[in-house]
Amino acid sequence: MLLCEFSMTPIGQGESVSKFVARCLDIVDKSGLEYRLTPMGTIIEGEWDDVFNTIKKCFEALKVDCNRISITIKVDYRKGRSGALESKVKSVEEKLGRSLKKG
């Protein structure tokens, strides 16, 4: 299992790219994978092939009308571990002794 944070930014499509983010999030949501949308990207949890196939579908959906796309991907792989979307935050909150704002 892995956590993967990614963002895709179309270049030359104006200041607001939320319509492109929405296009990608529709794909991520329909993938069935656990995910969190943040103001700076999307975090997906799942098996390698499932996660990267979902990201590829996002790319394919954007390249239809975007001639240039900047993509950032950050991966945290941990063998035999699932539920990291929740457990990583919970671990920090336990050490602090309080809940934090959720993204």
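Residues numbered from 1 in each chain as written. Predicted model: local features only at pLDDT ≥ 70, side-chain atom pairs only at ≥ 80, totals over all residues. Heavy atoms only, no water.

Things to note about the pattern of salt bridges
If you walk through the whole model with that rule in mind, you get six salt bridges. Between E60 and K63 there is a salt bridge, with the nearest N and O atoms lying 3.4 Å from each other. In this pair, E60 and K63 both sit in helix α2 (residues 48-63), three residues apart, roughly one turn of the helix. On the basis of relative accessible area, E60 is assigned to the partly exposed category, the value being 33%. A salt bridge links K88 to D76; the nearest nitrogen and oxygen atoms lie 2.4 Å apart. Residue K88 is located in helix α3 (residues 84-96), and its partner D76 is located in strand β4 (residues 69-77); the two are separated by twelve residues in the primary sequence. A residue is classified by how much of its surface remains accessible, and D76, at 33% relative accessible area, is partly exposed. (Salt bridge = Lys/Arg side-chain N within 4 Å of Asp/Glu carboxyl O. Helix = DSSP H or I, 4+ residues; strand = E, 2+ residues; numbered from the N terminus. Buried < 20%, exposed > 50% of the residue type's maximum accessible area, 1.4 Å probe, protein only.)

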